[in-house]
Amino acid sequence: MQDTAMPDPYAAEVREYRTGEVIAAEGEPQEIFYVILEGSVEIFQHHKSIRVLKTGDVFGLERVFLKKSLTTTARALSPVRIAAYQKRAIGRIAQAGSR
């Protein structure tokens, strides 16, 4: 039986952002990757727009594996709901998908 007093260390944290709000900024060190649950996110590099991501898209995985600071900035194009995952969640997600 799982102890309900302890939060699941692999669980995603759901975050909400308003239009124009920065989700992650270039140069920040982070070991988090994101899944867009709802809305649109614009990705910038050196203040230049390079792509737009939508519901279901994932971003930030490369920095989790490469252990580098962010090379892009992510900004909400609309109200956005995002699931933020810690690096250690990758193994658990992979195990769940193989069942």
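Scroll up to find the structure.
As a starting point, this report considers the structure included with it. (Residues numbered from 1 in each chain as written. Predicted model: local features only at pLDDT ≥ 70, side-chain atom pairs only at ≥ 80, totals over all residues. Heavy atoms only, no water.)

Turning next to unusual backbone geometry. A positive phi angle is found at His46, which is not glycine, with a value near 55 degrees. With a phi angle near 70 degrees, His47 is a residue other than glycine that sits in the positive phi range.

With that settled, the discussion passes to the environment of His46. Residue placement: His46 occurs in the loop between β4 (40-45) and β5 (48-54). Note on His46: relative accessible area 60%, which makes it exposed. Taking the C-alpha atoms as reference points, His46 and Thr73, separated by 27 residues in sequence, lie 8.4 Å from one another. (Helix = DSSP H or I, 4+ residues; strand = E, 2+ residues; numbered from the N terminus. Buried < 20%, exposed > 50% of the residue type's maximum accessible area, 1.4 Å probe, protein only.)

Attention shifts here to the side chain of Thr72. Its place among the elements puts Thr72 in the loop between α1 (61-66) and β7 (73-76). Apart from residues lying up to four places away in sequence, Thr72 is in contact with Ala24, Ala25, Glu26, Ile43, Phe44, Gln45 and Ile50. (Contact = heavy atoms within 4.5 Å.)

With that settled, consider the side chain of Arg15. If you trace the backbone, Arg15 turns up in strand β1 (residues 13-17). A distance of 3.4 Å separates a polar atom in the side chain of Arg15 from a polar atom in the side chain of Glu13. Other than its neighbours up to four places away in sequence, Arg15 contacts Ile32, Tyr34, Val80, Arg81, Ile82 and Ala84. (Polar contact = N/O pair within 3.5 Å; in protein donor to acceptor, adjacent residues only side chain to side chain.)

Bringing the pairing of strand β8 (residues 80-86) into the picture now. Among the seven residues that make up β8, five are buried, leaving the element largely enclosed by the rest of the structure. Note: β1 against β8, five bridges, orientation antiparallel. By the bridge assignment, Glu16 is partnered in β8 with Arg81. (Pairing = 2+ DSSP bridges.)

One open sheet accounts for four strands, arranged β1-β8-β3-β6; its pairing is antiparallel. Only two strands of the sheet have a single neighbouring strand rather than two, namely β1 and β6 (58-59).

Bringing the packing of aromatic side chains into the picture now. Enumeration over the complete set of coordinates arrives at two aromatic pairs. Measuring from ring centre to ring centre gives 5.2 Å for Phe33 and Tyr85, while their planes differ by 15 degrees; the resulting arrangement is stacked. A residue pair is termed long-range when its members are at least 10 positions apart, and Phe33 in strand β3 (residues 32-38) and Tyr85 in strand β8 qualify at 52 residues. When the ring of Tyr34 is compared with that of Phe59, the centres are 4.9 Å apart and the planes differ by 20 degrees; the resulting orientation is stacked. With Tyr34 in strand β3 and Phe59 in strand β6, this residue pair connects regions lying 25 residues apart in the sequence. Given a relative accessible area of 9%, Phe59 falls into the buried group. (Phe/Tyr/Trp six-rings, centres within 6.5 Å; stacked < 30°, edge-to-face > 60°.)

Pairing of β4 with β5, which is carried by six bridges, proceeds in the antiparallel orientation. The residue of β5 that forms the bridge with Ser40 is Lys54.

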